Amino acid sequence: MDVRVKFLGGAKSVTGSKYLLEIGYKKLLVDCGLFQGLKELRLRNWAEFPIDATTIDAIVLTHAHIDHSGYLPRIVKDGFAGPIYCTEATAALLEIMLKDAAKLQEEEADYIDKKGYSKHSPPLPLFDLVDAEKALGMLIAVPYLELIDIFENVKATFFDAGHILGSSIVSFSIQGDTQQKKVVFSGDLGRYNQPVHQDPSPIDQADVLFIESTYGDRDNLASDVEGQLATIVKDTFNNGGCLLIPAFAVGRTQLLLYYFFQLLEKKMIPACEIYIDSPMAISTTNLFKAHPNDHKLGIGREAEDSIFDYPHFRYYRSQESSISINNIQKNAVIISASGMCTGGRILHHLYNRLPRKNDTLLFAGYQAEGTRGRKIQDGDATSRIYGEEIPVLCKIESIHGLSAHADRQELMHWASQIEAPKMAFVVHGELASATHLSEKLKEELHWPNVMIPNYLESFELFSGI
Ligand SMILES: [Zn+2]
């Protein structure tokens, strides 16, 4: 039997992760992500899928992030008929994220329709809610660490990757006619010694390894997040204002809540209310409560003791309650989405608070080039919101060290636990990061065969096994 891989995304880029394994006559897709960011990449979402979707026998997902899962509704629309395997928490998160992704697609098509610059009339979304619901119906949620039958001769085990709720490293055991082989996908790896998630699980052996390289050329400055946050909150309150934090609904918001719980409990900041103004962040926070064994915050705690039920936390779901926050003048923290200020409720907070010189806007995550968040962070004097140029008069702050991705040292530490794989592919990283990591794997760990694949490139992994 022969085994091949084809890279349909996540090659020399951090988005669009899709790796097609051809195992004998079977086709297995690992991850099914959307391309994001640069237009040249995003156009790939709209191009004809490089292989016939009806010929794919199964999909396995490492985690729920849209750059790993967001193409699912489209591939289903194109004829993929299931099944889709993932961890239990990933399935629960996808329920929130794919519906949200479909809503965004439909809104974008509507917007283009109103602007009148579409080739289609009316413009078509990449997928809609019906497609998303169909994909959700194909999910098969499996527990960590159990050996799962994907095909008769292929089994999979999911290990905790410590990256986001439900994230996994997936190990495939492939039984050939004469030999058994192990193929491992790192998925996105989390950081070590973090408050919310476990360390990435160690893997001891792989014949072929696919390793992510998002921060393959960077060591995140391990910074005193609590101390930095405390200083910013106190300065803002002394200045008679509120602190506004744009944050991703999944992961980042919950990590911030952990830090605010600590700061308030230790009285490192004055007693104050923390407003969580994002329905998606609230739904995700509830999932953390429903999956207490999948993160550290659940360990040794009764469900009713969850830090997320802390009395200082105010969850605002309705639009009216969201708008009422605009009346709060001082001594409050407001967390809202989207994390890069590209849409969502954060917009009306920015509209109201950017001109208030007593307030502080705090960036707690990476702001990609071209986004509104990046422009404000880079010092633009105004920001265009709801068609108006809004002056940026509030204070702008940034803190680092909250990343959900392993840095260079952590990637190397994880890799050092694996007996040198015969073949390794460095994926999910820009070229500079992937190159740097691949050099280190060769030089320091003496891995014999490390490759950085190109988009749509194919490789033979095993022949005649
Ligand atoms: Zn991820």
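Residues numbered from 1 in each chain as written. Predicted model: local features only at pLDDT ≥ 70, side-chain atom pairs only at ≥ 80, totals over all residues. Heavy atoms only, no water.

Novice: I'm lost on the packing of aromatic side chains in this one. Help?
Specialist: The geometry of an aromatic ring pair is captured by two quantities: the separation of the ring centres and the angle between the planes. Here the structure, examined in full by the defined rule, presents 18 aromatic pairs. Ring plane angle 35° and centroid distance 6.1 Å describe the contact between tyrosine 19 and phenylalanine 210, whose orientation is recorded as tilted. Taken together, the residues span a long stretch of sequence, with tyrosine 19 in strand E2 (residues 18-23) and phenylalanine 210 in strand E11 (residues 208-212) at a distance of 191 residues. Across the pair, exposure class does not vary: tyrosine 19 and phenylalanine 210 are buried alike. Aromatic pair phenylalanine 172 and phenylalanine 185: ring centres 5.9 Å apart, planes at 90°, arrangement edge-to-face. In this pair, phenylalanine 172 sits in strand E9 (residues 168-175) while phenylalanine 185 sits in strand E10 (residues 180-185), placing the two residues 13 residues apart along the sequence. (Phe/Tyr/Trp six-rings, centres within 6.5 Å; stacked < 30°, edge-to-face > 60°. Helix = DSSP H or I, 4+ residues; strand = E, 2+ residues; numbered from the N terminus. Buried < 20%, exposed > 50% of the residue type's maximum accessible area, 1.4 Å probe, protein only.)

Novice: What exactly am I supposed to notice about the coordination of the zinc ion here?
Specialist: Ideal geometry at a metal centre gives angles of 109.5 degrees when four donors are arranged tetrahedrally and 90 or 180 degrees when six donors are arranged octahedrally. Looking at the zinc ion, one finds its protein donor set to be His63 (NE2), His65 (ND1), His163 (NE2) and Asp188 (OD), positioned 2.2 to 2.4 Å from the metal centre. One way to put it: the four donor atoms around the zinc ion meet at angles of 91 to 164°, and that makes the site irregular. For the zinc ion, all donor residues lie on one chain, and their spacing in sequence is H-x1-H-x97-H-x24-D. Taken together, the residues span a long stretch of sequence, with histidine 163 in the loop between strand E8 (154-160) and E9 and aspartate 188 in the loop between E10 and E11 at a distance of 25 residues. The residues histidine 163 and aspartate 188 share a single accessibility class, namely buried. (Donors = N, O, S within 2.8 Å, 3.2 Å for Na, K, Ca; no water. Tetrahedral: all angles 85-135°; square planar, octahedral: opposite > 155°, others 65-115°.)

Novice: Before we go on, may I ask you to explain the sheet that holds strand E16 (residues 360-363) in this structure?
Specialist: Within a sheet, each strand pairs with its neighbour through backbone hydrogen bonds, oriented either parallel or antiparallel. Reading across the sheet, the six strands line up as E14-E13-E15-E12-E16-E19 and stay open at both edges, with parallel pairing between neighbours. Of all strands in the sheet, those bounded by a partner on one side alone are strand E14 (313-315) and strand E19 (395-398). Here the average twist between neighbouring strands, direction ignored, is 20°. Across four bridges, E16 lies against E19 in parallel orientation. Counterpart to threonine 360 in the pairing with E19 is lysine 395. Packed onto the sheet, helix H10 (residues 346-353) meets strand E12 (243-246), strand E13 (273-277), strand E15 (332-336) and E16 and runs at close to 145° relative to E12. (Pairing = 2+ DSSP bridges. Axes fitted to C-alpha atoms, helices over the stretch in contact; angles between N-to-C directions. Contact = heavy atoms within 4.5 Å.)

Novice: Explanation requested: helix H5 (residues 129-137) in the structure shown.
Specialist: Spacing of three or four residues puts side chains on the same side of an α-helix, whose turn is 3.6 residues. Those residues of H5 lying buried are Asp131, Ala132, Ala135 and Leu136. Buried residues of H5 fall within an arc of 140° about the axis and therefore sit on the same side. With respect to the buried face of H5, the exposed residues turned more than 90 degrees away are Val130 and Gly137. Where H5 begins, the capping side chain belongs to aspartate 128, and its oxygen is found 3.2 Å from the backbone nitrogen of valine 130. (Arc of directions from axis to C-beta. Polar contact = N/O pair within 3.5 Å; in protein donor to acceptor, adjacent residues only side chain to side chain.)

Novice: Can you help me understand the nonpolar core in this one?
Specialist: Generally speaking, a soluble globular protein has its nonpolar side chains buried in company with each other. Core analysis: the largest hydrophobic core is formed by 78 residues, its most contacted members being Ile59, Ile75, Phe260 and Ile274. If you count residues domain by domain, this core takes at least three from each of domain 1 (3-218 + 404-462) and domain 2 (225-398). Discounting chain neighbours no more than four positions away, the residues touching isoleucine 75 are Leu29, Cys32, Phe49, Ala53, Ile56, Ile59 and Phe80. (Core = buried A, V, L, I, M, F, W, Y, C linked by side-chain atoms within 4.5 Å. Domains from an automatic or database assignment.)

Novice: What is the right way to look at the domain arrangement of the protein in this model?
Specialist: When its domains are assigned, the protein resolves into domain 1 (3-218 + 404-462) and domain 2 (225-398). Taking only C-alpha atoms into account, the centre of domain 1 sits 29 Å from that of domain 2. Every contact between the two is made by 17 residues of domain 1 and, on the other side, 16 residues of domain 2. Across the domain 1 to domain 2 interface the summed buried area is about 1600 Å²; carbon plus sulfur atoms make up 71%. One can count zero salt bridges joining domain 1 with domain 2. Across the contact surface, domain 1 and domain 2 share two residue pairs in polar contact (both at pLDDT 80 or more). Looking at the side of domain 1 that touches domain 2, the element that brings in the most residues is helix H4 (residues 88-115), giving seven residues. Residues of the side of domain 1 that touches domain 2, tallied by class, amount to ten nonpolar, four polar and three charged. (Buried area = accessible area lost by both parts, 1.4 Å probe. Salt bridge = Lys/Arg side-chain N within 4 Å of Asp/Glu carboxyl O. Nonpolar A, V, L, I, M, F, W, Y, C, P; charged D, E, K, R; others polar.)

Novice: Can you help me understand the sheet that holds E8 in this one?
Specialist: The sheet built from seven strands is open, its strands ordered E7-E8-E9-E10-E11-E20-E21 with mixed pairing. Only two strands of the sheet have a single partner each, and these edge strands are strand E7 (148-151) and strand E21 (450-451). The pairing of E7 with E8 spans three bridges and is classified as antiparallel. Note on E8: the bridge partner recorded for phenylalanine 151 is valine 154. Packed on one face of the sheet, helix H12 (residues 408-416) meets E9 and E11 and runs near 165° to E11. Strand contacts of helix H13 (residues 431-445): E11, strand E20 (423-427) and E21, with the helix running at about 155° to E20, the strand carrying the most contacts.

Novice: What exactly am I supposed to notice about a negative patch on the surface here?
Specialist: On the surface, Glu106, Glu107, Asp110 and Asp113 cluster together into a negatively charged patch. With respect to the helices and strands, the residue aspartate 110 is situated in helix H4. Its relative accessible area of 45% is what places aspartate 110 among the partly exposed residues. (Patch = residues over 30% accessible without salt bridge, like charges linked within 9 Å, V, L, I, M, F, W, Y side chains within 5 Å. Areas by Shrake-Rupley, 256 points an atom, 1.4 Å probe, with all protein chains shown as cover. Lys, Arg positive; Asp, Glu negative; His and termini not counted. Charge placed at Lys NZ, Arg CZ, Asp CG, Glu CD.)

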